[in-house]
Amino acid sequence: MCRARRAWTMGLTVLTAFTWACQNADYSPKPRGYHRIIFPQKAYQSADTDGCPFVFDIPAYSRLEDDISRNARPCWKNLDFPEFNARLHLSYFRISPTASFDQLTEDARTFVFKHTTKATAIDQTHVSYPAQKVYGIEYSIKGNTASNFQFYLSDSTTNYLRGALYFNEKPNLDSIQPVLEFLKEDIRHLIHTFRWR
């Protein structure tokens, strides 16, 4: 009799614990979360572009280096953002009969529109600073594309510079959006302070 009572009490205790533990359980899926990003204070400095026909300001938290890839040409630069695992590729061309302004701008357009299979939209903004003879177009590419921001700048007669921002990870706009918006401000500052020598 005592054993039966103990077993009954033990069973009731276990049943009560299970019932209490299962109450108010929320089994709904949780939204995907991302790490909190702490952005550095905006600060700019003049870039060291000795020997190249252009100057501009870069963020203090970035590094400007010569492009040392196999096909790189003189005055091709990489602006690295180590904290954000991102790189802005800068390619300079001298306008000539073999590389005409029309051909270079069409190449830039072609590079941008290669992303149309993954892009949800491509916005174009004209750049025009007549006093500095700086003209061009910014391309803001929406969606999970390899590059979400590109531009070109030119004086329309002699010099041409193309820029393309890439993140060194799988494209996922949801996760990179805050960083992308932060870096777009820096690139627009670069464009605004851009001067031909």
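Note: the structure precedes this text.
The sections below set out a description of the structure shown in this document. (Residues numbered from 1 in each chain as written. Predicted model: local features only at pLDDT ≥ 70, side-chain atom pairs only at ≥ 80, totals over all residues. Heavy atoms only, no water.)

### Quick notes on the overall build of the protein chain
No. 1: Counting secondary structure elements, the protein chain contains three helices and eleven strands.
No. 2: In the structure as shown, the protein chain presents an accessible area of about 12,500 Å², 54% of it carried by carbon and sulfur atoms. (Helix = DSSP H or I, 4+ residues; strand = E, 2+ residues; numbered from the N terminus. Areas by Shrake-Rupley, 256 points an atom, 1.4 Å probe, with all protein chains shown as cover.)

### Details of the layout of surface pockets
Using a probe with the size of a water molecule, rolled over the atoms, empty space left in the structure can be pinpointed.
No. 1: By volume, the largest pocket amounts to about 300 Å³.
No. 2: Going through the elements one at a time, strand 5 (77-81), strand 6 (86-94), helix 2 (101-113) and strand 10 (159-167) are the ones with two or more residues in the lining of the largest pocket.
No. 3: Taken together, the residues of the lining of the largest pocket sort by class into nine nonpolar, five polar and five charged. (1 Å grid on protein atoms, 1.4 Å probe; cavity = no way out; pocket = protein on both sides within 12 Å on 5 of 7 lines; lining within 4 Å. Points joined across faces, edges and corners; volume = space filled by probe spheres on them. Nonpolar A, V, L, I, M, F, W, Y, C, P; charged D, E, K, R; others polar.)

### Topic: the packing of aromatic side chains
No. 1: With the rule as written, the count across this model stands at twelve aromatic pairs.
No. 2: Aromatic pair Phe54 and Phe56: ring centres 5.9 Å apart, planes at 10°, arrangement stacked. Both residues of the pair, Phe54 and Phe56, belong to the buried class.
No. 3: Measuring from centroid to centroid gives 6.3 Å for Phe93 and Tyr160, while their planes differ by 55°, and the two rings are tilted. Placement of Phe93 in strand 6 and of Tyr160 in strand 10 is noted, with a sequence separation of 67 residues between them. The two residues Phe93 and Tyr160 agree in class, both being buried.
No. 4: In textbook terms, an aromatic cluster arises when at least three aromatic residues are bridged by ring pairs, as seen for Phe54, Phe56, Tyr92, Phe194 and Trp196.
No. 5: Sitting above the plane of the Phe182 ring, Lys42 keeps its charged end 3.4 Å from the centroid.
No. 6: The positively charged end of Arg109 is found above the aromatic ring belonging to Phe113, 4.7 Å away from the centroid. (Phe/Tyr/Trp six-rings, centres within 6.5 Å; stacked < 30°, edge-to-face > 60°. Buried < 20%, exposed > 50% of the residue type's maximum accessible area, 1.4 Å probe, protein only. Lys NZ or Arg CZ within 6 Å of the ring centre and 35° of its normal.)

### Let's talk about unusual backbone geometry
Residues other than glycine predominantly adopt negative phi, and peptide bonds predominantly adopt the trans conformation.
No. 1: Even without being glycine, Lys133 reaches a positive phi, approximately 55°.
No. 2: Turning to its location among the elements, Lys133 is positioned in the loop between strand 7 (119-129) and strand 8 (134-143).
No. 3: You can call Lys133 exposed: its relative accessible area is 53%.
No. 4: Even without a glycine there, the phi angle at Ser156 is positive, about 75°.
No. 5: Relative to the helices and strands, Ser156 resides in the loop between strand 9 (149-154) and strand 10.

### Observations regarding the sheet that holds strand 7
No. 1: One open sheet holds the seven strands; their spatial order is 4-5-6-10-9-8-7, and the pairing between them is antiparallel. This sheet does not close on itself; its edge strands, each paired only once, are strand 4 (63-66) and strand 7. The mean inter-strand angle of the sheet, taken between neighbouring strand axes irrespective of direction, is 15°. (Pairing = 2+ DSSP bridges. Axes fitted to C-alpha atoms, helices over the stretch in contact; angles between N-to-C directions.)

### Remarks on the pairing of strand 7
No. 1: In terms of strand pairing, strand 7 meets strand 8 through ten bridges, oriented antiparallel. From the neighbouring strand, Asp123 faces strand 8, where its bridge partner is Ser140.
No. 2: Turn length for the strand 7-strand 8 hairpin, with the two strands adjacent in sequence and antiparallel, is four residues, and the turn residue Lys133 shows positive phi of about 55°.

### Digging into helix 2
No. 1: For helix 2, built from 13 residues, the straight-helix expectation of 18 Å at 1.5 Å per residue is met to within 8% by its first-to-last C-alpha distance of 18 Å.
No. 2: Within helix 2, burial applies to Leu104, Thr105, Ala108 and Val112. Along the long axis of helix 2, the arc covered by the buried residues comes to 95°, so they all point the same way.
No. 3: Those residues of helix 2 that are buried lie in contact with strand 6, strand 7, strand 8, strand 9 and strand 10. (Expected span 1.5 Å × (residues − 1). Arc of directions from axis to C-beta. Contact = heavy atoms within 4.5 Å.)

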